[in-house]
Amino acid sequence: MGNCWTCFKTQTDHTAGNCATNTPDRTANDNREAAERGETDELLINNSPVHMTNLHTSSGFLTRPVTLLNGNANTMGDIIGTIKDSQQVSDHALTALYQRYKDPQEDAILSDGIERLCADLRYKPDDFAILVLAFRLDASQMCRFTRQEFIQGLKNLNADSIDGIRVRLEQSVEKLKDDSELFKQLYRFTFGFGLEPGHRTLSLDMAIILWRLVFTVHTPKLLDRWLFFLGQHSQIRGVPKDTWNMFLNFAETCDITSYNDEEAWPSLFDDFVEYENDRANQNVTDKTDEEDTRQPQVHVSDGSL
């Protein structure tokens, strides 16, 4: 066709000659075809559960699917939020972030690196949010994030920067306040996370620390009494997994005054309820004794008048 390639450009680019000769007919045909295509596209779009929303960028168009709510397009804030949430994290950024905290001698982030990470995130190492971070990274051991755990965990979090991690942690903490199933997953994770390598039970000291930490956003009424009881019984060797897991249900549903020791509760719960009942009875006895002690003093005083 030679120079007729210019016929596919806009009309202002057309020049005289053979190309210009057919311009009106071609333009009419193009308009009809465009109209037909537009009608077809509209039918396809209207019958699709997802509309394609074109978002202008400095380099052209960025087309992303945006789900409709009740047949109406989301607000621009929702659209932007959807785009941000769907963005892929950068492998390069994740590797650089890992290298920043990695131990010089071992291919893992250890205590020193975790402390620096916590400082950059503006958290203390024993803050609840750091336990949530370990949970979201699916860390298998305390004070240690492997390369796989750190990088894959942050991919799952959809965060590849310190600011991104902090935002995701704040969102996770808020969700844990309302999502009981997610909290249950965190609670069960915490037991394995706190185990020393090769051990099957938590040391009593570690169990007390982790119980207080994990219940930061869901604090049972009897938690303080439970931890006080454990502190008074240092002979308890450790807390097995079954006891740890069942305490969540015990704390949420059990009423000490109507506790049934014939149910399949761990024996440690029986001991705790008995201890609490003894304390309650002791308080009543002490009060009665005090009244009995004061009563004779009143009679002596009356007799001396």
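Residues numbered from 1 in each chain as written. Predicted model: local features only at pLDDT ≥ 70, side-chain atom pairs only at ≥ 80, totals over all residues. Heavy atoms only, no water.

1. Details of the overall build of the protein chain
What counts here: Helix and strand assignments follow DSSP, with helices taken as H or I runs no shorter than four residues and strands as E runs no shorter than two, numbered in order from the N terminus. Think of it in three bands: residues with accessible area under 20% of the maximum for their type are buried, residues over 50% are exposed, and the middle band is partly exposed, with areas taken using a 1.4 Å probe on protein chains only. Contacts: residue pairs with any heavy atoms within 4.5 Å of one another. Here the accessible surface of atoms and residues is derived via Shrake-Rupley with a 1.4 Å probe, and residues count as covered only by protein chains that are part of the display.
Counting secondary structure elements, the protein chain contains 13 helices and 6 strands. Here the protein chain holds 305 residues, and the buried ones make up 32% of them. Sequence separation of at least 24 residues holds for 58% of the intrachain contacts in the protein chain that already meet a minimum separation of 6. By element, 49% of the accessible surface of the protein chain is carried by carbon and sulfur atoms, the whole surface being about 19,900 Å².

2. Observations regarding the packing of helix H8 (residues 162–178) against helix H9 (residues 180–194)
Angle between the axes and distance between the axes are the two parameters that describe a pair of packed helices. Put simply, the rule is: For helices, the fitted line uses only the C-alpha atoms of the stretch in contact; every axis is such a line through C-alpha atoms, and the angle between N-to-C directions lies from 0 to 180 degrees. The cut-offs work like this: below 35 degrees is roughly parallel, past 145 is roughly antiparallel, 65 to 115 is roughly perpendicular, and the gaps in between are oblique. Polarity classes work like this: nonpolar for Ala, Val, Leu, Ile, Met, Phe, Trp, Tyr, Cys and Pro, charged for Asp, Glu, Lys and Arg, and polar for all others, with Gly in that last group.
H9 packs onto H8 with a crossing angle of 110 degrees between their chain directions and a minimal axis gap of 6 Å. The angle between the axes of H8 and H9 places the two elements in the roughly perpendicular class. Of H9, the residues touching H8 (which contributes Lys175, Leu176 and Asp178) are Ser180, Leu182, Phe183 and Leu186. Taken together, the residues that form the contact of H8 with H9 break down as 4 nonpolar, 1 polar and 2 charged.

3. A few points about the packing of aromatic side chains
Both the distance between ring centres and the angle between the ring planes are used here to describe each pair of aromatic rings. Selection criterion: Geometry of aromatic contacts follows a simple scheme: Phe, Tyr and Trp rings, the Trp one being its six-membered ring, pair when their centres are within 6.5 Å, and the pair is stacked under 30 degrees between planes, edge-to-face over 60, tilted otherwise.
Per the stated rule, a full pass over the model turns up 24 aromatic pairs. Ring plane angle 15 degrees and centroid distance 4.9 Å describe the contact between Tyr187 and Trp244, whose orientation is recorded as stacked. Here Trp244 lies in helix H12 (residues 241–253) and Tyr187 lies in helix H9, a separation of 57 residues in the sequence. Neither residue differs from the other here; Tyr187 and Trp244 are each classed as buried.

4. Some details on a negative patch on the surface
Worth spelling out the cut-off: Like charges within 9 Å and nonpolar side chains (Val, Leu, Ile, Met, Phe, Trp, Tyr) within 5 Å are joined into patches, using only residues over 30% in relative accessible area that form no salt bridge. By definition here, a salt bridge exists when the distance from a side-chain nitrogen of Lys or Arg to a carboxyl oxygen of Asp or Glu is within 4 Å. Think of it this way: Lys and Arg go in the positive column, Asp and Glu in the negative one, and His and the chain ends go nowhere. Here the site of a charge means NZ on Lys, CZ on Arg, CG on Asp, or CD on Glu.
Residues Asp261, Glu262, Glu263, Asp271, Glu274 and Asp278 make up a contiguous surface patch of negative charge. The topology assignment puts Asp278 in helix H13 (residues 267–304). Under the relative-accessibility criterion, Asp278 is labelled partly exposed at 45%.

5. Observations concerning the side chain of Thr243
As for its placement among the helices and strands, Thr243 is situated in helix H12. The contacts of Thr243, once residues within four sequence positions are left out, are Pro266, Leu268 and Phe269.

6. As for the confidence of the model for the protein chain
When pLDDT is low, close inspection of the predicted coordinates is not appropriate. The criterion, for reference: Values of pLDDT, which run from 0 to 100, indicate the predictor's confidence residue by residue.
Residues of the protein chain with pLDDT of at least 70 account for 64%, and the chain-wide mean is 75. When the criterion is pLDDT under 50, residues 1–24 qualifies, and its contacts beyond four places in sequence or with other chains add up to 10 contacts.

7. Description of the nonpolar core
Inclusion rule: We define the nonpolar core as a collection of buried residues of types Ala, Val, Leu, Ile, Met, Phe, Trp, Tyr and Cys that are connected through side-chain atoms lying within 4.5 Å of one another.
In terms of nonpolar packing, the biggest core is built from 71 residues, with Phe145, Phe150, Trp211, Trp226, Leu230, Phe247 and Phe250 touching the most fellow members. When neighbours within four sequence positions are excluded, Trp226 is seen to be in contact with Trp211, Phe247, Leu268, Phe269 and Phe272.

8. Digging into the layout of surface pockets
Cut-off, in case you're wondering: Computed over the protein atoms alone on a 1 Å grid, cavities are sets of points where a 1.4 Å probe fits but cannot get out and pockets are open sets with protein on both sides within 12 Å along at least five of seven lines; a residue lines them when it has an atom within 4 Å of a point. Grid points are joined across faces, edges and corners, and a volume is the space filled by probe spheres set on the points.
Reported here for the largest pocket is a volume of approximately 400 Å³. As for the largest pocket, its lining consists of 17 residues, and the residues nearest its centre are Pro125, Asp126, Ile130, Met142 and Cys143. Going through the elements one at a time, helix H5 (111–121), helix H6 (128–137) and helix H10 (204–214) are the ones with two or more residues in the lining of the largest pocket. No other element matches H10, which puts 4 residues into the lining of the largest pocket. In terms of residue class, the lining of the largest pocket is made up of 13 nonpolar, 1 polar and 3 charged.

9. Some words on unusual backbone geometry
You will see that Arg122, though not glycine, has its phi angle at about 65 degrees, which is positive. Within the secondary structure, Arg122 sits in the loop between H5 and H6. Located in the positive-phi region is Asp138, a residue other than glycine, with phi close to 55 degrees. Relative to the helices and strands, Asp138 is located in the loop between H6 and strand S4 (145–146).

10. A word on the packing of H9 against H12
Condition: Should the near helix be turned anticlockwise from the far one by less than a right angle, the crossing is left-handed, and should it be turned clockwise, the crossing is right-handed.
The geometry of H9 relative to H12 is characterised by a closest axis approach of 10 Å and an angle of 155 degrees between their N-to-C directions. By the angle between their axes, H9 is roughly antiparallel relative to H12. Seen along the crossing, H9 lies across H12 with a hand that is right-handed. Along its contact with H9, which presents Phe183, Lys184, Tyr187, Arg188, Thr190 and Phe191, the element H12 presents Lys241, Trp244, Asn245, Phe247 and Leu248. Looking at side-chain class alone, the contact of H9 with H12 contains 6 nonpolar, 2 polar and 3 charged residues.

11. Section: H8
Residue pairs spaced three or four apart in an α-helix point in one direction, given the helix's 3.6 residues per turn. Heads up, the condition is: Under the convention used throughout, the expected extent of a helix is 1.5 Å for every residue step, that is, one less than its residue count. Directions drawn from the helix axis to the C-beta atoms are what define this arc.
In this model H8 runs 25 Å from its N-terminal to its C-terminal C-alpha over 17 residues, within 8% of the 24 Å that 1.5 Å per residue would give. All of the buried residues in H8 are Ile162, Ile165, Arg166, Arg168, Leu169, Ser172, Val173 and Leu176. Viewed along the axis of H8, the buried residues span an arc of 165 degrees, placing them on a single side of the element. Opposite the buried face of H8, at more than 90 degrees from it, the exposed residues are Asp163 and Asp178.

12. Comments concerning the pattern of salt bridges
Summed over the entire model, instances satisfying the criterion amount to 8 salt bridges. For Glu106, the salt bridge goes to Arg144, with nearest N and O atoms at 2.6 Å. Of this pair, Glu106 sits in the loop between helix H4 (91–101) and strand S3 (108–109) while Arg144 sits in the loop between H6 and S4, placing them 38 residues apart in sequence. Relative accessible area serves as the criterion here: at 31%, Glu106 is assigned to the partly exposed category. For Glu170, the salt bridge is made with Arg166, and the minimal N-O distance between the two is 3.4 Å. With Glu170 and Arg166 both in helix H8 and 4 residues apart, this pair spans about one turn of that helix. A relative accessible area of 17% places Arg166 in the buried class.

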